[in-house]
Amino acid sequence: MSVIRAQKINFSYAEKKVIEDISFTVDKRQMTAIIGPNGSSKTTLLKLINGSLLPDSGEMHVGGKNTSRYARKEIARKVAIVPQETSAVFPFYVEEIVLMGRFPHLGNYRFENKEDYKIVHEAMEKTDTLAFARRRFNELSAGERQRVLIARALAQKPEILLLDESTAFLDLKHQLRFLKLLKQLNLDDGLTIVFVTHDINMAAQHADKIILLYSGKIYAIGNPAEVISARNMKEVYEVDTLVDANPQNGSPRVTLLT
């Protein structure tokens, strides 16, 4: 069953069209990677999925409902997004940042309770951020801040998790831990995950479906073996590559040829 469905989506910034005639579906429990060179509008596509941007034409459906018909709190209970990077204008404590993930579940007359704090602490344990709960967010390293933002997204208890280059600032240990966490959330909790990445090998190894964007259009879509080929890498990224099988799991593996 599709939980995300894009139908002939077009979107422009001012007079510049950046998304053109895009259609795709993402099924429940699916892990989908969005890849493509810089300027392919990968981040814009994530924002269209979570409803922070609305298409000029076409329709984006999440959970069977057009994103234009969602109130912000309502869609935030279904979809969480982890941006590439953010900076705090005010010196919030880390725990306060993660607690913001509970906001979509609070009513006009309901404040955070013990259950909310329990969810927050569980999210921080999963992301290895509980140790600096009382530190200021703006005092953390880029990698630590990214883990806090992931914890905030998990605290939302979403059905769909969107990630924009979320491993870019993580060291190898926390990259591996985070990827294992994503797999666990996907398999055990049924979380649908859509992630943008420049790491093509990571996409090939972990995604069920890959969307390859090029100049705001879908160049190829399908499973990793269907999308990741030396020909596609050459035509989209303008580089020569060797694409063979990963000896660990048989997924496509890309090696740059110099």
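In case you missed it, the structure is sitting above this.
All figures in this text were calculated on a predicted structure; none of them were measured in a lab.

A. Highlighting the sheet that holds strand S3 (residues 31–35). Taken in spatial order, the 6 strands make up an open sheet running S6-S7-S8-S3-S9-S10, and their pairing is mixed. Strands with a single pairing partner mark the edges of an open sheet, and in this sheet they are strand S6 (79–82) and strand S10 (217–222). Direction aside, the axes of adjacent strands within the sheet are offset by 15° on average. Pairing of strand S9 (residues 209–214) with S10, which is carried by 5 bridges, proceeds in the antiparallel orientation. Residue pairing for S10: Leu 212 is matched across the bridge by Ala 220.

B. Here's a closer look at the packing of helix H4 (residues 114–126) against helix H5 (residues 142–155). Their axes nearest at 8 Å, the elements H4 and H5 cross at an angle of 140°. When the axis of H4 is compared with that of H5, the two are oblique. Between H4 and H5 the crossing geometry is right-handed. Each of Ile 119, Val 120, Ala 123 and Met 124 in H4 lies in contact with H5, whose residues at this interface are Ala 151, Leu 154 and Ala 155. Residues of the contact of H4 with H5, tallied by class, amount to 7 nonpolar, no polar and no charged.

C. Just the environment of Tyr 70, in detail. For Tyr 70, the location among the structural elements is in the loop between strand S5 (65–66) and helix H2 (72–76). With 20 residues separating them along the chain, Tyr 70 and Asn 50 place their C-alpha atoms 9.9 Å apart. If sequence neighbours within four positions are ignored, Tyr 70 has contacts with Val 62, Gly 63, Lys 65, Ile 75 and Lys 78. Among the polar contacts made by the side chain of Tyr 70, one reaches the main-chain carbonyl oxygen of Val 62 at a distance of 2.6 Å.

D. Structural detail: the nonpolar core. Formed by 47 residues in total, the largest nonpolar core has its most connected members in Val 98, Val 148, Leu 161, Leu 163, Ile 193, Phe 195 and Ile 210. When residues in this core are grouped by element, the largest group, 7 residues, is from H5. Discounting residues that sit within four places of it in the chain, Val 148 has contacts with Val 94, Ile 97, Val 98, Thr 129, Phe 132, Phe 137 and Leu 140. Counting residues in hydrophobic clusters, the runner-up holds 27 residues, among them Val 3, Phe 11, Leu 53 and Leu 213.

E. Just the sheet that holds strand S2 (residues 16–27), in detail. Pairing is antiparallel across the open sheet formed by 4 strands, whose spatial order is S2-S1-S4-S5. Of all the strands in the sheet, the pair left with one neighbour each is S2 and S5. As paired elements, strand S1 (residues 2–13) and S2 share 8 bridges and run antiparallel to each other. Considered in S2, the bridge of Ile 4 is made with Val 26. In the packing of helix H1 (residues 42–49) onto the sheet, contacts are made with S1, S2 and strand S4 (57–62), and the angle to S2 comes to roughly 60°.

F. Summary view of the packing of aromatic side chains. Taken as a whole and judged by the stated rule, the model has 2 aromatic pairs. Taken together, a centroid distance of 4.9 Å and an interplanar angle of 90° make the contact between Phe 11 and Tyr 13 edge-to-face. On the basis of an interplanar angle of 90° and a centroid distance of 6.1 Å, the ring pair of Tyr 214 and Tyr 219 is categorised as edge-to-face. Taking the relative accessible area as the measure of exposure, Tyr 219 reaches 32% and is therefore partly exposed. Of note, Lys 73 hangs over the ring of Phe 103, and the distance from its end group to the ring centre comes to 4.4 Å. Sitting over the face of the ring of Tyr 93, Arg 134 holds its NZ or CZ atom 4.0 Å from the ring centroid.

G. Molecular detail of the pairing of S9. With 5 of its 6 residues buried, S9 lies for the most part within the structure. Pairing between S3 and S9: 4 bridges, direction parallel. Bridge pairing in S9 links Ile 35 to Leu 212. In sequence, S9 turns back onto S10 through a hairpin of 2 residues, with Ser 215 there showing a positive phi of about 55°.

Conventions and cut-offs
- Throughout this description, residue numbers start from 1 for each chain and increase along the sequence as written.
- Given that this is a predicted model, residues contribute local features only at a pLDDT of at least 70 and side-chain atom pairs are listed and counted only at 80 or more, while totals for whole chains, interfaces and linings are drawn from all residues.
- Here the side-chain values reflect all heavy atoms present in the structure, with hydrogen atoms and water set aside.
- Pairing between strands is defined by DSSP: at least two bridges between them are needed.
- Secondary structure follows DSSP: runs of H or I at least 4 residues long count as helices, runs of E at least 2 residues long count as strands, and numbering of each begins at the N terminus.
- Between N-to-C directions, angles span 0 to 180 degrees; the directions come from axes that are lines fitted to C-alpha atoms, helices contributing only their stretch in contact.
- When describing relative orientation, an angle under 35 degrees is termed roughly parallel and one over 145 degrees roughly antiparallel, while 65 to 115 degrees is termed roughly perpendicular and anything else oblique.
- Note: crossing handedness is left-handed where the near helix turns anticlockwise from the far helix by less than a right angle, and right-handed where it turns clockwise.
- In what follows, residue pairs with any heavy atoms lying within 4.5 Å of each other are defined as contacts.
- Nonpolar residues are Ala, Val, Leu, Ile, Met, Phe, Trp, Tyr, Cys and Pro. Charged residues are Asp, Glu, Lys and Arg, and all others, Gly as well, are polar.
- Polar contact is defined as a pair of N or O atoms within 3.5 Å, subject to the rule that within protein one atom must be able to donate a hydrogen and the other to accept it, and that residues adjacent in sequence are counted only when both atoms are side-chain atoms.
- Nonpolar cores were defined as sets of buried Ala, Val, Leu, Ile, Met, Phe, Trp, Tyr and Cys residues, with membership established by side-chain atoms within 4.5 Å.
- Per-residue accessibility, obtained with a 1.4 Å probe over protein chains only, is compared with the maximum for each type, and a residue is labelled buried under 20%, exposed over 50%, and partly exposed between these values.
- The criterion for an aromatic pair is that two Phe, Tyr or Trp rings (for Trp, the six-membered ring) have centres within 6.5 Å, with stacked assigned to planes under 30 degrees apart, edge-to-face to planes over 60 apart and tilted to the rest.
- Sitting over a ring, as applied to charges here, requires NZ of Lys or CZ of Arg to be within 6 Å of the ring centre and within 35 degrees of the ring normal.

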